[in-house]
Amino acid sequence: MSEAVKTLDGWYCLHDFRAMDWTTWKMISPEERQAAIHEFLGLIEKWNRTQDDKKGSHALYTVVGQKADFMMMILRPTMEELNEIETEFNKTKLAEFTVPTHSYVSVVELGNYLPSDQDPYQNPEILARLYPTLPKAKYICFYPMDKRRQGEDNWYMLPMEERRSLMRSHGMIGRSYAGKVKQIITGSVGFDDYEWGVTLFSDDVLQFKKLVYEMRFDEVSARYGEFGSFFVGNILEVDRIESFLHVN
């Protein structure tokens, strides 16, 4: 049996994708729409206070394409809190005019390759990665992925040292985009349909294409990577929510 990598786990993560039922949204009165928007803004303000207290984080983006209209990415210390936030949103007036199109449940994850005599939870750099404040980047890209386990291309049958070496060269590509792309890896084994979720943030949307394309040529992706649907979007600042939801 191959040796399993011990992971470091941080905040739990929910990606919640919604489509707007614009037709029904247009049918209610302007006063009702305004009340629904005001309630939603109050919910975001509550999330902002939690983020200020460093007890979680969140990001709100519109989604380009027909897979969704907007997405909420939520980080919290417990799975129960994610469930409470999802339910709280579902009880809002705005939620009555949304259709859930996709979701993804995971936990912020780092592979632990530190020497056994070092406590990673005493390392400030690691703590910042496990419990991150999500950046206010202009663009977001999310996709889930698996490691292939078919025939000769079975990642999980490779010896630990070979996997470590392959991941080291794979990681060098990601590090070459430092300052251009912020990457958050979340583990979803036992939580959702794929094994990992990858969330990328950047102020230059083309960097997503460049990074993912370059990684395609690395052996970890070319030989062992299996990918799900990609979602890309634009940041939805609080002061733009009203105009986003405005209809004539």
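Since the structure is predicted, the reported quantities are computational estimates derived from the model, not experimental observations.

**Student:** When you look at the side chain of Ser221 in this model, what are you seeing that I'm missing?
**Tutor:** Following the sequence through the fold, Ser221 ends up in helix α7 (residues 219-224). Among all residues touching Ser221, those that are not within four sequence positions of it are His170, Met215, Arg216 and Phe227.

**Student:** Could you clarify how one ought to interpret helix α5 (residues 160-175) in this entry?
**Tutor:** Counting along an α-helix, one turn takes 3.6 residues, and residues three or four places apart therefore face a common direction. The end-to-end C-alpha separation of α5 is 22 Å, in line with the 22 Å expected for 16 residues at 1.5 Å each. By the burial criterion, the buried members of α5 are Met160, Arg163, Leu166, His170 and Ile173. The buried residues of α5 occupy an angular sector of 135 degrees when projected down its axis, which confines them to one face. Counted as exposed and oriented over 90 degrees from the buried face of α5: Glu161 and Arg175.

**Student:** How should the state of the cysteines be read in this particular structure?
**Tutor:** Overall, the coordinates contain zero disulfides when judged by the stated rule. Just so you know, Cys13 is unpaired, no disulfide at all, and the nearest cysteine sulfur is the one on Cys141, 14 Å from it. The buried category is assigned to Cys13, whose relative accessible area is 0%.

**Student:** Is there a simple way to explain the pairing of strand β9 (residues 196-202) in this structure?
**Tutor:** Look at any regular strand and the pattern is simple: side chains alternate between the two faces of the sheet. Judged by how many residues are buried, β9 sits mostly within the fold: seven of seven residues are covered. In β9, alternate side chains face the same way, and those of Trp196, Val198, Leu200 and Ser202 on one face and Gly197, Thr199 and Phe201 on the other are all buried. Relative to β9, strand β5 (residues 139-147) runs antiparallel, the two sharing seven bridges. In the strand pairing of β9, Tyr143 is matched with Val198.

**Student:** Which parts of the structure should I look at to understand the packing of helix α2 (residues 30-52) against helix α3 (residues 79-90)?
**Tutor:** Geometry of a packed helix pair, given as the angle between the helix axes and the separation of the axes. Closest axis-to-axis distance for the α2/α3 pair is 11 Å, and the angle between their directions is 165 degrees. Between α2 and α3, the crossing angle belongs to the class labelled roughly antiparallel. As α2 runs across α3, the sense of the crossing is right-handed. Residues Phe40, Leu43, Lys46 and Trp47 of α2 form the contact with α3, whose own contacting residues are Ile85, Glu88 and Phe89. Classifying every residue of the contact of α2 with α3 gives five nonpolar, no polar and two charged.

**Student:** Would you explain the pattern of salt bridges in this entry?
**Tutor:** Side chains bearing opposite charge may pair, as long as their charged atoms lie close to each other. The final tally for this structure, using the stated rule, is eight salt bridges. Between Arg149 and Glu195 there is a salt bridge whose closest N-O contact spans 2.9 Å. Of the two residues, Arg149 sits in strand β6 (residues 149-150) while Glu195 sits in the loop between β8 (182-187) and β9, which places them 46 residues apart along the sequence. The class of Glu195 is buried, set by a relative accessible area of 10%. Arg223 serves as the salt-bridge partner of Glu219, at 3.3 Å between the closest nitrogen and oxygen. In this pair, Glu219 and Arg223 both sit in helix α7, four residues apart, roughly one turn of the helix.

The rules behind each value
Residues numbered from 1 in each chain as written. Predicted model: local features only at pLDDT ≥ 70, side-chain atom pairs only at ≥ 80, totals over all residues. Heavy atoms only, no water. Helix = DSSP H or I, 4+ residues; strand = E, 2+ residues; numbered from the N terminus. Contact = heavy atoms within 4.5 Å. Expected span 1.5 Å × (residues − 1). Buried < 20%, exposed > 50% of the residue type's maximum accessible area, 1.4 Å probe, protein only. Arc of directions from axis to C-beta. Disulfide = S-S within 2.5 Å. Pairing = 2+ DSSP bridges. Axes fitted to C-alpha atoms, helices over the stretch in contact; angles between N-to-C directions. Parallel < 35°, antiparallel > 145°, perpendicular 65-115°, else oblique. Left-handed = near helix turned anticlockwise from the far one by under 90°. Nonpolar A, V, L, I, M, F, W, Y, C, P; charged D, E, K, R; others polar. Salt bridge = Lys/Arg side-chain N within 4 Å of Asp/Glu carboxyl O.

Scope: geometric values only; no functional claims are made or implied.
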